[in-house]
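# Chain and residue survey
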Amino acid sequence: MKLMVIGGGGREHAIIRKLKENPQIDTIYALPGNGGIAQDAVCVDIRATDLDAITAFAEKERIDYAVVAPDDPLVLGLVDILEEKGIPCFGPAKNAAIIEGSKVFSKNLMKKYGIPTAAYETFDDTEKALAYVETAPLPTVIKADGLALGKGVVIAQTREEARNAVIEIMRNHKFGRSGEQIVIEEYLTGPEVSVLSFTDGNTIVPMVSSMDHKRAGDGDSGLNTGGMGTVAPNPYYTEEIAERCIKEIFLPTIRAMKREGRPFKGCLYFGLMLTEQGPKVIEYNCRFGDPETQVVLPLLESDLFTVMKAVTEGKLSGTQVRFRNACACCVIMASKGYPEKYEKGFEISLPEDLKKDVYVAGAVLKDGKLVTSGGRVLGVTAVENDLHSAVRSAYTKAERIGFANAYYRKDIGARALQAEEA
Ligand code: AMP
Ligand code: GLY
């Protein structure tokens, strides 16, 4: 069989590695992939948002199955286009991807169906939003409606910051059309948990929980990034909380989407906050998380392609999805300066025995050598029987990988280990 995976980051590398375990798969194309993915798939230089070129490629190569991993092509409707051409896909249709593509949509969905989330107001008028932030409780959270590379969220501590955020997003169009509408919501506190799930629209199977580390610096200091590391499972996510989430959040969400005529098929990501009033939804993503996938998929015992096909065919209820009873840690090695300015083009020294533990995010092949090409360069993952060993092992491996200006957080997993001990 010939597969095509859309995307080119660490998440896609992890997906491709896992897919390759299935002997039915002969070839995997990655569009566009990257220099590290090139060791596991055939990279094709087509951007993930070039829907026409992707579709033409898929038809020409007679692709049997497509996995659409990133948010933009999903929100743009790539799955609908490919399925129209008879190519089965893993990923939601456009009318379901809106659960991530529009925060106004997802907040209204949660309100309508009683799914716990932060209290909120939505605005499409700058003056009204500005008037509202004068009396909103502080801190207040301001979110652009649409996709904004994970940067469309401002937690304003003061009225001044809140006003500036509204003006930047709505009047100065900092995130383009994504900011034509905004959500202003209640500030919540508590541990955050990521739960990715497989769902075919009727059945939902949560994967092992995980914890992201979004800030650039140790101790959660510095700017927000695409994610600097992850651990799984997340010790805050106890069995009791998991049961509540299934009953109060996961099932109600897929039922709500079905009721709205937008059945969700694919990976539905729940960004949760465990507040004193119980678990609440911070955000939905219509796809695998990055770098959550780099710790979740290595713990998946079942065959990924079998599970994905079951999702596509609506047969998830009859399919086993098993996870190993183990722990994983992923440390992201980045270019110093990320998420702001950084240099690239440095050769990566990666010992042969560590290649299987590394998912490449931002590197290209140059004269047969892997060189850095992005802010987040690669993730090093370790799987061990306990979290402590997984964290230690990931760092031991990271120390053996080098490139000029390499930077990584030294405290990935520290909070999780503390929680485990408490
Ligand atoms: P997002 O881009 O939606 O993942 O938001 C980025 C981060 O902002 C989240 O991971 C949370 O840490 C934080 N955040 C978002 N919404 C809220 C909220 N209502 N209260 C507190 N923190 C929030
Ligand atoms: N790690 C957060 C995300 O993928 O959106």
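Residues numbered from 1 in each chain as written. Chains lettered and ligands numbered in written order. Predicted model: local features only at pLDDT ≥ 70, side-chain atom pairs only at ≥ 80, totals over all residues. Heavy atoms only, no water.

## Quick look at the site of ligand 2
Around ligand 2, the neighbouring residues are Asp212, Tyr269, Asn285, Arg287, Gly289, Asp290 and Glu292. At a separation of 2.8 Å, a nitrogen atom of ligand 2 approaches a polar side-chain atom of Asp212. Between ligand 2 and the protein, one listed contact pairs a nitrogen atom with a side-chain N or O atom of Glu292 at 2.7 Å. Contact with the protein chains removes 88% of the 200 Å² of surface that ligand 2 exposes when unbound. (Near = heavy atom within 4 Å. Polar contact = N/O pair within 3.5 Å; in protein donor to acceptor, adjacent residues only side chain to side chain. Areas by Shrake-Rupley, 256 points an atom, 1.4 Å probe, with all protein chains shown as cover.)

## Thoughts on unusual backbone geometry
Residues Leu138 and Pro139 are joined by a peptide bond in cis, for which omega reads -10 degrees. Within the element layout of this structure, Pro139 appears in the loop between α7 (126-133) and β7 (140-144). Note the cis peptide between Tyr338 and Pro339, where omega equals 10 degrees. Mapping Pro339 onto the fold places it in the loop between β18 (327-335) and β19 (358-360). Even without being glycine, Arg62 reaches a positive phi, approximately 50 degrees. Residue position: Arg62 is located in the loop between α2 (51-60) and β4 (65-68). With a relative accessible area of 68%, Arg62 lands in the exposed category. (Helix = DSSP H or I, 4+ residues; strand = E, 2+ residues; numbered from the N terminus. Buried < 20%, exposed > 50% of the residue type's maximum accessible area, 1.4 Å probe, protein only.)

## Notes on the pattern of salt bridges
Throughout the structure, instances matching the rule amount to 26 salt bridges. Here Lys107 ties to Glu185 by a salt bridge, and the two come within 2.7 Å at their closest N and O atoms. Of this pair, Lys107 sits in helix α6 (residues 103-113) while Glu185 sits in strand β9 (residues 182-186); the two residues are 78 residues apart in sequence, bridging distant segments of the chain. For the pair shown, Lys107 and Glu185 are each scored as buried. The shortest N-O distance in the salt bridge between Glu185 and Lys143 comes to 3.0 Å. Taken together, the positions of Glu185 in strand β9 and Lys143 in strand β7 put the pair 42 residues apart, joining distant regions of the chain. The same class applies to Glu185 and to Lys143, which are both buried. Because the salt bridges share partners, they merge into one network encompassing Asp220, Arg409, Asp411 and Arg415. (Salt bridge = Lys/Arg side-chain N within 4 Å of Asp/Glu carboxyl O.)

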